[in-house]
Amino acid sequence: MEIINIKDNDEFLEEYIRLCSLEWGTLKSDDEMKSYIIDKRKRIHSEDKVISILGLIDNNNKLVGFISLFRYDGDYRRDLTPWYATMYVKKEYRGRGYSKKLNDAILKEASALGYTKVYLKTELENYYEKFGAIFMENLNNEEKLYYIPLND
C-alpha cells in the first residue's frame, strides 16, 4: 500500500471525481458524468479550493480510497481553514484500517503545510473522535463541526 498525491494524476483523479459524485452528489447519466468529470477536473486545477488529494493505492496499482484537504468545504464557516474532507474507502477494502492510514497521511500533509489544526463537518456520530476530532458546534444542516489539532 502506498499513499500518493492524486490531484495531478489523471488516472486516479477521474476515479476520485466519479466516486465523490456517486457518494456525495446526485445520480447522473453516463453523458452527464462525462461532462461533470471534465468540468470538475478543470475546477480542481484552476480554483484554489483543493489543497491536496491523497489516494491510497494497493500493490496492484488500484485506488483503495482517498482523502482531501480543502481551503473551505461548502458555505459554512468560511472563516476556518483548512478542511479535512472526502474521506472514502471502497466497500471491498473497509474494515482493514485504511481510513486510519488516510487520516494519518492528510494530517501529516496539513502539518507539513504549516497548519496547526484541520476542520471537518459530518453527520456521523462518534466516528472522527477516534482520530482526535473535537466537537465545536452544530451547523444548520444537521452536520456537526469538529477540529483536529495537529501535533507535529
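Calculation criteria
- Residues numbered from 1 in each chain as written.
- Predicted model: local features only at pLDDT ≥ 70, side-chain atom pairs only at ≥ 80, totals over all residues.
- Heavy atoms only, no water.
- Salt bridge = Lys/Arg side-chain N within 4 Å of Asp/Glu carboxyl O.
- Helix = DSSP H or I, 4+ residues; strand = E, 2+ residues; numbered from the N terminus.
- Buried < 20%, exposed > 50% of the residue type's maximum accessible area, 1.4 Å probe, protein only.
- Pairing = 2+ DSSP bridges.
- Phe/Tyr/Trp six-rings, centres within 6.5 Å; stacked < 30°, edge-to-face > 60°.
- Lys NZ or Arg CZ within 6 Å of the ring centre and 35° of its normal.

For the structure on display, the rule yields 11 salt bridges. For Lys-121, the salt bridge identified is with Glu-143, shortest N-O distance 3.3 Å. Highlighted residues: Lys-121 in strand β5 (residues 117–122) and Glu-143 in the loop between β6 (134–138) and β7 (144–149), separated in sequence by 22 residues. Connected via shared salt-bridge partners are Asp-10, Glu-14, Arg-18 and Arg-41.

On to the environment of Gly-95, then. Position of Gly-95 relative to the elements: it lies in the loop between β4 (83–89) and α3 (98–112). Residue Gly-95 is classed as exposed on the basis of its relative accessible area, which comes to 85%. Distance in space between the C-alpha atoms of Gly-95 and Ile-148 is 22 Å, their sequence separation being 53 residues.

Moving on, we come to the pairing of strand β2 (residues 50–57). The element β2 is extensively covered by neighbouring structure, given that eight of its eight residues are classed as buried. Of the strand pairs in this sheet, strand β1 (residues 2–5) and β2 are connected by four bridges, and their pairing is antiparallel. Within β2, the residue paired with Glu-2 across the bridge is Ile-57. Of the strand pairs in this sheet, β2 and strand β3 (residues 63–70) are connected by seven bridges, and their pairing is antiparallel.

The next point concerns the packing of aromatic side chains. Tallied over the entire structure, the rule returns 10 aromatic pairs. Centre to centre, the rings of Tyr-84 and Tyr-128 are 5.7 Å apart; their planes meet at 90°, and the pair counts as edge-to-face. With Tyr-84 in strand β4 and Tyr-128 in the loop between β5 and β6, the pair connects residues that are 44 residues apart, well separated along the chain. Here Tyr-84 and Tyr-128 have matching classes, each one buried. One aromatic cluster is present, built from ring pairs that chain together Tyr-16, Trp-24, Phe-66 and Tyr-88. Positioned above the aromatic ring of Tyr-88, the side-chain terminus of Arg-94 is 5.5 Å from the ring centre. A cation over a ring is seen here: Lys-117 above Tyr-147, with NZ or CZ 4.7 Å from the ring centre.

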